[in-house]
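# Residue-level structural notes
The residues making up each chain are set out below.
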Amino acid sequence: MATIDGLPPLRDVIRNHDLVAKKQLGQNFLLDLNLTSKIARQAGDLTACDVLEIGPGPGGLTRGLLAEGARRVLAIEKDPRCLPALAEIAAVYPGKLTVLGGDALQIDPTAHLTAPIRVIANLPYNVGTELLVRWLTPDQWPPFWESLTLMFQREVAERIVAKPRTDHYGRLALLAQWRCDAQIVMSLPPEAFTPAPKVHSAVVHLTRLAQPRFAADGAVLARVTAMAFNQRRKMLRSSLKGMGPGIEDKLRAANIEPTCRAEEIGLEQFCALARLLA
Ligand code: SAM
């Protein structure tokens, strides 16, 4: 069957290169090129952007990004078995696709990218949250990227967009919503992937804000929210004891009742507390 880019269908790519999925690498592949193009479109017009993709695998999303006109794609893939398949895509799009073999946690991609940069990826589940937290907590703001369009397990996606007083609300929601607009833009059932994972997935689109919504030191905010949600059922006066003496007074000064639990407190109050603790 012909494909939009003239390359073989992904099922054939996987067979030709013997890409039997490895669970330890979080390999759940998207084989429907209409779907991967749709995911690429969630990030907006890519024609004037460089795209960073983590974990291209056999290249389904990579082909979607290139078919949607991305100016350049830098893809980082840990599994060396995928590299020959990705080289075939690069040959069809001369000068547009660069593939780095290696662990995305160990590679600084910024030297290979030119602004404006968007990150678009169907992330491996085992390192997805760690990469997101790194992208959300750089030393300098604005970060190197304009937007992040990322596939996660549905539950992780809900943690990113959650509001106070809901089950999924926690550190990830606060770190994401402090300096970004975040929303779930697509939901995918397990059958969309090969092999099918046990859980549903969702695509989250995050757009960076020029300034944080409320002033705070990022490291202090990260520390105080980690400590508060580590024991989310406890009152803040006890879960935050480790933040030093006088925590009850500081909570009150931040307009927080010391007997409240972390999940009742909004971003503005957490930022006020972080300022008092800095
Ligand atoms: N993008 C492809 C797709 O949508 O079909 C594959 C997505 S699959 C969920 C995750 C991919 O990330 C796999 O190809 C896996 O080998 C790769 N991967 C896993 N850990 C990685 C890491 N630390 N750095 C870079 N790639 C990684």
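What comes next concerns the included structure. Just so it is clear, the structure is predicted and the values come from calculations on it, not from any experiment.

### Brief notes about the site of the ligand
- Near the ligand there are 20 residues, and of these Leu30, Gly55, Glu77, Asp103 and Asn122 occur at the shortest range.
- Here an oxygen atom of the ligand sits 2.8 Å away from a polar atom, N or O, in the side chain of Asn122.
- Coverage of the ligand by the protein amounts to 99% of the 590 Å² it exposes when considered alone.
- When atom positions are compared with the pocket grids, the ligand is found to occupy the largest pocket.
- Elements represented by at least two residues in the shell around the ligand include exactly strand E1 (29-30) and strand E3 (72-77).
- Classifying every residue of the shell around the ligand gives 8 nonpolar, 7 polar and 5 charged.

### Digging into the environment of Ile184
- Note that Ile184 resides in strand E7 (residues 180-188).
- Through-space distance from the C-alpha of Ile184 to that of Thr149 is 9.5 Å; in sequence the pair is 35 residues apart.
- The contact partners of Ile184, leaving out residues within four places of it in the chain, are Arg154, Ala157, Glu158, Val161, Ala202, Val203 and Val204.

### Focus on the packing of helix H2 (residues 33-41) against helix H3 (residues 60-67)
- Their axes nearest at 8 Å, the elements H2 and H3 cross at an angle of 60°. Compared by their axis directions, H2 and H3 come out oblique. For the element pair H2 and H3, the recorded crossing hand is right-handed. Where H2 abuts H3, its residues Leu33, Thr36, Ser37, Ile39 and Ala40 lie against Gly60, Leu61, Arg63, Gly64, Leu65 and Ala67.
- Residue classes in the contact of H2 with H3 are distributed as 6 nonpolar, 4 polar and 1 charged.

Rules behind the numbers
Residues numbered from 1 in each chain as written. Predicted model: local features only at pLDDT ≥ 70, side-chain atom pairs only at ≥ 80, totals over all residues. Heavy atoms only, no water. Near = heavy atom within 4 Å. Polar contact = N/O pair within 3.5 Å; in protein donor to acceptor, adjacent residues only side chain to side chain. Areas by Shrake-Rupley, 256 points an atom, 1.4 Å probe, with all protein chains shown as cover. 1 Å grid on protein atoms, 1.4 Å probe; cavity = no way out; pocket = protein on both sides within 12 Å on 5 of 7 lines; lining within 4 Å. Sits in = over half its atoms within 2 Å of the grid points. Helix = DSSP H or I, 4+ residues; strand = E, 2+ residues; numbered from the N terminus. Nonpolar A, V, L, I, M, F, W, Y, C, P; charged D, E, K, R; others polar. Contact = heavy atoms within 4.5 Å. Axes fitted to C-alpha atoms, helices over the stretch in contact; angles between N-to-C directions. Parallel < 35°, antiparallel > 145°, perpendicular 65-115°, else oblique. Left-handed = near helix turned anticlockwise from the far one by under 90°.

None of the figures reported here should be taken as evidence of function without further support.
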